[in-house]
Amino acid sequence: MKRMLAGLLVALPLFIAAMPKQASALVIDIGGHHHHRWIPGHWQRRNHHRVWIRGHYER
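Cut-off values and rules
Residues numbered from 1 in each chain as written. Predicted model: local features only at pLDDT ≥ 70, side-chain atom pairs only at ≥ 80, totals over all residues. Heavy atoms only, no water. Pairing = 2+ DSSP bridges. Helix = DSSP H or I, 4+ residues; strand = E, 2+ residues; numbered from the N terminus. Buried < 20%, exposed > 50% of the residue type's maximum accessible area, 1.4 Å probe, protein only.

Participant: In this structure, what is going on with the pairing of strand S5 (residues 49-53)? I would like to understand it.
Facilitator: Moving residue by residue along a regular strand, the side chains alternate between the two faces of the sheet. Inspection of the sheet shows strand S4 (residues 42-46) paired to S5 by 5 bridges, in the antiparallel sense. Considered in S5, the bridge of Trp43 is made with Trp52. Connecting the antiparallel pair S4 and S5 is a turn made up of 2 residues, with Asn47 showing a positive phi of about 50°.

Have a look at this one:
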């Protein structure tokens, strides 16, 4: 029981650190700040098939 609890305490911070995080949406240019809009993942129809589009930033 102690071994399982110790393993859980070691694995939990590693799991949290490995979780994907959203990148910053702010891009700094010489002329000023330009914000990018986050488009979440979604299904889209292409050539009569449903295709999963990953989340991405769009200008």
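Participant: Can you walk me through unusual backbone geometry in this structure?
Facilitator: Apart from glycine, the bulk of residues carry a negative phi angle, and the bulk of peptide bonds sit in the trans form. Of note, Asn47 is a non-glycine position whose phi angle comes to about 50°, a positive value. Tracing the chain through its elements places Asn47 in the loop between S4 and S5. Located in the positive-phi region is His48, a residue other than glycine, with phi close to 65°. Among the structural elements, His48 can be located in the loop between S4 and S5. Take His48: its relative accessible area is 73%, and that puts it in the exposed class.

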